[in-house]
Amino acid sequence: MTVTEPAPTSRFVRADGPDKVTGSGRYAADLTLTGVLQAAFRYADVTHGRITRLDVEPARSMPGVLAVLTAADVPDVRYGPFVADRTLFARDVVRFEGEIVAAVAATSAEIARRAAAAIVVEYEPLPIVNDVEAALAPDAPLVHADWASYGAADPIVRDRNDASYASITKGDADAAMADADIVLSSRYVADASHAAPIEPRAVLAQWEGDKVTIWSSTQVPFDARAGVCETLGLPANRVRIIVPHLGGGFGGKCGFHVEAHVAALARAARRPVRLVFTRREEFVVPDRRREGMVVELTTGLRGDGTIVARTGRVIIDNGAYTADSGFFSQLAAMHVAGPYRIPHLHVEAHLVYTNHQPSGSVRAPTAPQACWALESHTDELAAAAGLDPVEFRRRNVVDTGSEGPSGQTYDEIGLRRCVDAATAAAGYGRDLPDDEAIGVAVGWWPSFTAASGAFVKIDGDGSAQIVTGAQECGTGAVMTLRQLAADELGMSPDDFQLVYQDTSVAPYDMGATGSQTLFNNGRAVVHAAGQVAEQLKRLAADHLEAAPDDIVLADGQASVAGTPSRTVSIAELAGIAAGGELLIGHGSGAPPSAPALVGSSCVGDVGMAAFVAPQFSCHAVHVKVDRDTGVVRVLGVSAAHDSGTIINQIGARGQVEGGVMMGIGQALTEGTRYDDAGRQRNPAMLEYKLQTCADAPPIHIDFVEIPTPDAGPRGAKGLAEAPNVPTAAAIANAVAQVVGRPVRQLPMTAERVWNTLTGEDGVS
Amino acid sequence: MSVTVAHTLDEALELLAATPSATVLAGGTDLMVELNMGHRRTDAVVCVNRVGELRSWRHDPGTDTLRIGAAITYAELMDAPLAGFSPALAQAARTVGSPQIRNAATIGGNVGTASPAGDGLPVLRALDAVVHLASTAGTRDVPFAEFATGPKRTVVQPGELITGVTIPVLNGFQGYSKVGVRNAMVIATASACLAVDTNGHTVRLALGSVGPVILRAPEAETIAVQAADFEAGTIDPEAIPAFAAAAAAAARPIDDHRSTAAYRRRAIEVLSRRLLTRAFPAPTPGASS
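Note that this is a predicted model, so its numbers are computed, not measured.

*Asks:* Report on the overall build of chain B, specifying residues and quantitative values.
*Replies:* Along its length, chain B carries 12 helices and 16 strands. Computed over C-alpha atoms, the radius of gyration of chain B comes to 19 Å, within 12% of the 19 Å expected from 2.2 N^0.38 for 289 residues, which places it in the range of a compact globule. Across its three principal directions, the C-alpha atoms of chain B cover 60 × 45 × 30 Å. Each of the 289 residues in chain B was classed as buried or not, and the buried ones make up 52%. Counted over contacts in chain B with a minimum sequence separation of 6, partners at least 24 positions apart contribute 60%. Counting every atom, chain B has about 12,400 Å² of accessible surface; 53% of that belongs to carbon and sulfur. Charge separation in chain B, taken as the distance between the mean sites of 24 positive and 26 negative side-chain charges, equals 8 Å.

Listed below in C-alpha cells is the structure:
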C-alpha cells in the first residue's frame, strides 16, 4: 500500500478532546444508577499473617449495610495470568497491606467504610519478607508456603520465593570474560514507583437477570472481563465491561482488579454497587506497582572498548502475588543485556515474592530501572576504556544487520541515527560550567504482536462508524484509528464516529497495554476498512459502468481512474447499499510473528527475548547539579526515537513528552519507601512527588522514521512506552559526570546525590 | 455539621463564643485535607474569609510596622504593595503550593496550623512578628516566638480567633530559601529566613522544618553581627562558614519519611551560608561565595 502522508499535524483533532477539556466527559466515578449502593473494602491489618478469626457480624448488622462478602461467599478460585497465586479475598493468609479481606455494600460510602472497619479480624503473625535479596536465601521464610501446588503457565520456572526465573545465554561468557582486557562490575538498586494516574479507579456494577454490566476505569476491558468470568464462574457473553472516559492509566489500570468484587457485591445486595478508590487505595491496593530492582552487571571489554562478554543478575521485587509480572524476569534480562552487540552473554533474573504490594506492568515494565543500571554501567565501561561515552556506544550498539544479545538479527533499524540526532540536538561536546553536564543513554523496547479486531460500517446517510475493541487511555491511539480508516476509504477522519470500550459490542483487543493499539488494532481497522472499500468499488463500478479495479476512492468520491468526470459520492453509494448489501467490514489481520533467535538459549522463555519490530531510542539530557545540596535540575532533554513510521505527529510528540516527564520523576523524585513491616511510607501525593508542569524542561524530539517491514500499519511500531525507557539513565549519566561517580540508587534524590558527593553513600 | 459564614469580626467572635469547639475555616487548604483524610472531625465550622477586618492590612508609618489581617492570602503577599514591606514574606509566599492554593491559603491559617514546615513562619519568626488574638472576652498579642508550643500546637484558646500578625518594616536584606524535592508545589525539607536590620544592626536567622517549632539561631546571628559592616553592607568572609556552622548547630532535625536529620542539618548550613552571602555581597568581585 502506498499512501502519501498528509500533514497530520494540521488535521488531527482528538474526538474525545472537547469532552475532556470542557469537563462534560463522564468518567466511571461520575456515573450513577437508581438505587446504587457504595462499596468499601476491609484490607489486611498486617502485611503477613494467618487469619485466626474473621467476624463480619458487626458490619452485617449495621443499618444501611446490604451486603458483606468474604472469601467464603465467592467461588474458591485461585487465579493469575502466569502463576495462579491470587484469590479475590484473602483465604487464610494475608500477604500485603492492600490485600482485600472483606467487602461491604451500603447505602452510603460513609456507612460502608464504617462497616468495613467494624469487621473483626485477628491474625497469627507470620514472618515478614521485606528484603528482596534476603528472600532468595535458602532458609528465607516463604511468602507462599504452598507455592508448589499453584498452577502456572508452562514456561514459568519457579522455586520457593522465586516466582519466575529467566536466563539468556549465548556463547561462553565466563571464558570470554577471562580473556577480556578490561573487566568491570557494577551494582545498582532501584526503588519501586507508581503509575499514579490522575483518576483513581472506579467500578460500577449492575445485574439484569444472570447478566452483569460493569463500568470500570480499566485499560484492558477484555482482560477485566476474563478475570470476572474466571473468578465468578461466568461465560464471557454474560459479562459486559464498559469503560467510560479513562483518566489516565500508565499501566496502572492494566489487568483485572476489583471488577469481580463489585459485581459480587451487586449480586448479593440485589442493587447496583459503585466503588471509588481514594488516592491512598490507588497507591496501595492494585497489583500494578513498578517493581523495585537490584541489578549486578559485569562486562568484559577488549582494549579498544569492544564488548566481548557480559554477565548479569537481576533481582525483581514481585511483591506478594504474581500479576502480569511473570514475564518481567525475561524482559529485565533483555534490558540489562541491552541493544548492544555482545558475543558472549549470560544474564539471569529472579522475580521474587515479598510482603509488598504486587508489581505489575507500569509503562515499559522493568525497562527504565534496568536501562538506568545498564547505561550507568556503560558510562563506567567507557571511562574504563578511555572512550567518550557516545563514542563507546557508537562502537557497540546494534544497528541494521547486527546480531543482538539474544541472537536476533535486525532488519533496518535506526539506533545509531537516534544517537546522532539526540546528541546533535543537545549540543553534546560543548563546553559547560563545572556543575552542568549532558548525559546520554540508549534504550529499546519491543512492539507487541497480538490478535485484535474492529468493525467498520457506513450507514445509509454516508456517515461512518468504527466499532473497535481498542481502549483509549489518553494516548490518542484510538483517536488515530479514524485517520487510518479515512485514508483507506478516501474519506475524512471527521466522517467517522468511534464506538469503543465495550466488550459486548466490539471484537477483542488486548487493550491500552504494550503500546499495541495502533500496531495491532490499526491493522484490524485497515483490514476492515479495506473490505468496505472493496464493496464501495464494486458498487461504484456498477454505477459508473467501469471495472472495480479502475475505481479510486478520494475526497468522499468514487471516481473512474483517469476520468474524473465519472464520479459518484460515497454517500450516494451508501444510500444504494442501504437497500441491499450493507457496507460492513470486519477486520483482524494476521499479527506479525516473532523473529528467530540463533545461537542463544533461554530458560523461562515467555517470548520476550525476540523483539518484534523493535523500537530504539537515545536521550541526551542536560542537567545542573547543586553540589552543596545535591539538588538536580534538568535543563533540557533531547529525545530521538525510531518507532517506525509516525502516523500521528501530535499524539506521538505527546507520548515522548509524557514519557520523558515520567522518566524525570523516576530519576529524581518518585520512589516508594517501606517501613519495617513492608508498608508503604509515602502512599500520598504529598509525599510521593510526581513531576509537574513547573518542573518540565524544554524537550526536543526527533523521530528517526524507518518504515519497518512486518510491523503495524504503514510500517509503524509502538511508541507509548519507549520514551519512558532511557530518560532516567541519561540523567544519571549527566549527574555522574558532575559528581564524579554514579549515584547507585534510584530515584537519585537530592539526599542520595549529596551522599554520593560526600562519599557517604556506603559504596566504595 | 454546621457551617456558618461570618461577615464581621464581632459576628465571628460571637459564633466562636457560642461554640468554642468550632473549627475556623479560612482558605481551607489545610483543613479540607485533614477532614477529607479523616485526620480531624468537627461538628461546627465558622468560616472567616469574608470578614472584612481580617481581609485588610495597614501600614503604620509612625512605628513603621505592617499589620496583616489573618485572611490575607499568599497570592496577595506575593505582589505589590505588600511584597514591598517584607520581601522575604513575598518570597516565601511564592514557594507555597500552586496558584490555586496561593489564591486560597491565608497567612492566618499558616500561623494557626503551626506546621514546622509552614513556609511563612520562618519569616515571621525572623521578623519577631506579633500574633493578634481576639475573643468576645477581649484581645491579646502574643510574640510569634511564644505562639507555637510544638508541632501543630499553639497557645490559641477555645473561642479565640487569630485576627492578624504585625511585623516591623525593616531596612535591609531579607531572603527566604528552602530545599524541597522538586521545583514547585513542594513541602520544605528544610527552610531558612534571613533578615537584616541595617538601622538596628541586627541579623536574624530563622529555621523551618528542623525542629518541633520554628527556631532562631542566636549564635549564628551574633557571629554575623560581629562580622558585619552594616553601613558598607559587607561582612568578613571568614565569618561566613562559622555563621553557617552555628546555624546548622542550632537546628534540631529528625529523621522521618521525607529526609534524614543529617541532610536537613546540611541543608540549613548551605541555605544559611547562601543567604548571608546574598545579604552581604563580597566586597571585591571574584571573592569566595
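*Asks:* Can you break down the sheet that holds strand β20 (residues 464-468) of chain A residue by residue, with the values?
*Replies:* All names here are of chain A. Strand order across the open sheet formed by 4 strands is β21-β20-β19-β25, with mixed pairing between neighbours. The sheet is open, and its two edges are formed by β21 (496-500) and β25 (583-587), each paired on a single side. Put simply, the sheet's adjacent strands are angled 15 degrees from each other on average, direction ignored. Where strand β19 (residues 454-458) meets β20, 5 bridges bridge the pair, whose relative direction is antiparallel. When the bridges of β20 are listed, V456 appears paired with I466. In the packing of helix α14 (residues 517-544) onto the sheet, contacts are made with β19, β20 and β25, and the angle to β25 comes to roughly 150 degrees.

*Asks:* Got a sec to walk through the interface of chain B and chain A? Specific residues and values, please.
*Replies:* Listed as interface residues are 19 residues of chain B and, on the opposing side, 19 residues of chain A. Here chain B meets chain A over a buried area of about 1,900 Å², counting both sides, of which 50% is carbon and sulfur. Considering only the side of chain B, the residues that lose the most area to chain A are R182(B), H257(B) and Y263(B), jointly responsible for 36% of the buried surface there. Connecting chain B to chain A are 5 salt bridges. The salt bridge involving D628(A) is made with R274(B); its shortest N-O contact spans 2.9 Å. Counting across the interface, chain B meets chain A through 10 residue pairs in polar contact (both at pLDDT 80 or more). Looking at which element gives the most residues to the side of chain B that touches chain A, the answer is helix α12 (residues 261-279) of chain B, with 6 residues. Each residue belonging to the side of chain B that touches chain A can be placed in one class, and the counts come to 9 nonpolar, 4 polar and 6 charged.

*Asks:* Hey, could you go over the confidence of the model for chain A for me, with residue numbers and the actual values?
*Replies:* Put simply, chain A has an average pLDDT of 95, and 98% of its residues get 70 or more. Within the model, pLDDT remains below 50 along residues 1-10 of chain A, and this stretch shows 12 contacts once partners closer than five positions in the same chain are excluded.

*Asks:* Explain the environment of A323(A) to me, and be specific about the residues and the numbers.
*Replies:* All names here are of chain A. With respect to the helices and strands, A323 occurs in the loop between β16 (307-319) and α9 (328-337). When its relative accessible area of 5% is taken as the criterion, A323 is described as buried. Taking the C-alpha atoms as reference, A323 lies 7.7 Å from G255; in sequence the two are 68 residues apart. Residues contacting A323, with those up to four places away along its chain left out, are P81, F82, D287, R288 and S359.

*Asks:* A description of unusual backbone geometry should follow, citing residues and the corresponding values.
*Replies:* The omega torsion of the bond from L746(A) to P747(A) falls at 0 degrees, within 30 degrees of zero and hence cis. Structurally, P747(A) is set in the loop between β30 (745-746) and α18 (750-757). In the segment running from A80(B) into P81(B), the intervening peptide bond is cis, with an omega of 0 degrees. Residue placement: P81(B) occurs in the loop between α3 (74-78) and α4 (82-85). One non-glycine residue, F250(A), lies in the positive phi region at around 55 degrees. Tracing the chain through its elements places F250(A) in the loop between β12 (239-242) and α7 (259-269). In this structure F250(A) comes out as partly exposed when scored by relative accessible area, which is 34%. You will see that S515(A), though not glycine, has its phi angle at about 50 degrees, which is positive. Counting through the fold element by element, S515(A) comes out in the loop between β21 and α14.

*Asks:* Outline the packing of helix α11 (residues 239-250) of chain B against α12(B), listing residues and values.
*Replies:* All names here are of chain B. Relative to each other, α11 and α12 sit at 140 degrees, their axes nearing to 8 Å. One element, α11, and the other, α12, form an angle in the oblique class. By crossing handedness, the relation of α11 to α12 is classed as right-handed. When α11 is examined against α12, the residues I240, F243, A244, A245, A247, A248 and A249 are found in contact with a partner set consisting of R265, I268, E269, S272, R273, L276 and T277.

*Asks:* Describe the pattern of salt bridges, listing the residues and the values that go with them.
*Replies:* Under the definition given, this model contains 47 salt bridges over all chains. Note that D73(A) and R60(A) form a salt bridge whose closest N and O atoms lie 3.9 Å from each other. You can see D73(A) sitting in the loop between β3 (65-69) and β4 (93-94) and its partner R60(A) sitting in helix α3 (residues 57-60), a full 13 residues away along the chain. E436(A) serves as the salt-bridge partner of K624(A), at 3.9 Å between the closest nitrogen and oxygen. Linking K624(A) in strand β27 (residues 612-625) with E436(A) in strand β18 (residues 436-447), this pair joins segments that are 188 residues apart in sequence. According to the relative accessible area criterion, E436(A) is buried, its value standing at 17%. Several salt bridges converge on common partners, so that one network encompasses D626(A), D628(A), R266(B), R273(B) and R274(B).

*Asks:* Which residues make up the domain arrangement of chain B, and what are the values?
*Replies:* All names here are of chain B. Per the domain assignment, the segments making up chain B are domain 1 (2-168) and domain 2 (174-279). Computed over C-alpha atoms only, the centres of domain 1 and domain 2 are separated by 25 Å. Taken over both partners, the interface formed by domain 1 and domain 2 buries close to 1,900 Å², and the fraction arising from carbon and sulfur atoms is 59%. Linking domain 1 with domain 2 are 3 salt bridges, by the criterion used here. Note that D128 and R216 form a salt bridge whose closest N and O atoms lie 3.0 Å from each other.

*Asks:* Before we move on, could you go through the sheet that holds strand β14 (residues 215-216) of chain B and cite the residues and values that matter?
*Replies:* Within a sheet, each strand pairs with its neighbour through backbone hydrogen bonds, oriented either parallel or antiparallel. All names here are of chain B. An order of β11-β12-β13-β14 is seen for the 4 strands of this open sheet, with the pairing classed as antiparallel. Taken across any chain shown, the strands that pair with only one partner, and hence form the sheet edges, are β11 (174-179) and β14. As paired elements, strand β13 (residues 202-208) and β14 share 2 bridges and run antiparallel to each other. Directly across from A206, in β14, lies its bridge partner R216.

*Asks:* Explain the domain arrangement of chain A to me, and be specific about the residues and the numbers.
*Replies:* All names here are of chain A. Entries for chain A in the domain assignment read domain 1 (28-126 + 199-247 + 254-284), domain 2 (289-447 + 596-757) and domain 3 (454-587). Spacing between the C-alpha centres of domain 1 and domain 2 amounts to 36 Å. Tallying the contact residues gives 19 residues for domain 1 and 22 residues for domain 2. Across the domain 1-domain 2 interface, the total number found is 13 residue pairs in polar contact (both at pLDDT 80 or more). For the side of domain 1 that touches domain 2, the element with the highest residue contribution is helix α8 (residues 279-284), accounting for 4 residues.

Basis of the calculations
- Residues numbered from 1 in each chain as written.
- Chains lettered and ligands numbered in written order.
- Predicted model: local features only at pLDDT ≥ 70, side-chain atom pairs only at ≥ 80, totals over all residues.
- Heavy atoms only, no water.
- Helix = DSSP H or I, 4+ residues; strand = E, 2+ residues; numbered from the N terminus.
- Rg over C-alpha atoms; globule rule 2.2 N^0.38 Å.
- Buried < 20%, exposed > 50% of the residue type's maximum accessible area, 1.4 Å probe, protein only.
- Contact = heavy atoms within 4.5 Å.
- Areas by Shrake-Rupley, 256 points an atom, 1.4 Å probe, with all protein chains shown as cover.
- Lys, Arg positive; Asp, Glu negative; His and termini not counted.
- Charge placed at Lys NZ, Arg CZ, Asp CG, Glu CD.
- Pairing = 2+ DSSP bridges.
- Axes fitted to C-alpha atoms, helices over the stretch in contact; angles between N-to-C directions.
- Buried area = accessible area lost by both parts, 1.4 Å probe.
- Salt bridge = Lys/Arg side-chain N within 4 Å of Asp/Glu carboxyl O.
- Polar contact = N/O pair within 3.5 Å; in protein donor to acceptor, adjacent residues only side chain to side chain.
- Nonpolar A, V, L, I, M, F, W, Y, C, P; charged D, E, K, R; others polar.
- pLDDT = per-residue confidence, 0-100.
- Parallel < 35°, antiparallel > 145°, perpendicular 65-115°, else oblique.
- Left-handed = near helix turned anticlockwise from the far one by under 90°.
- Domains from an automatic or database assignment.

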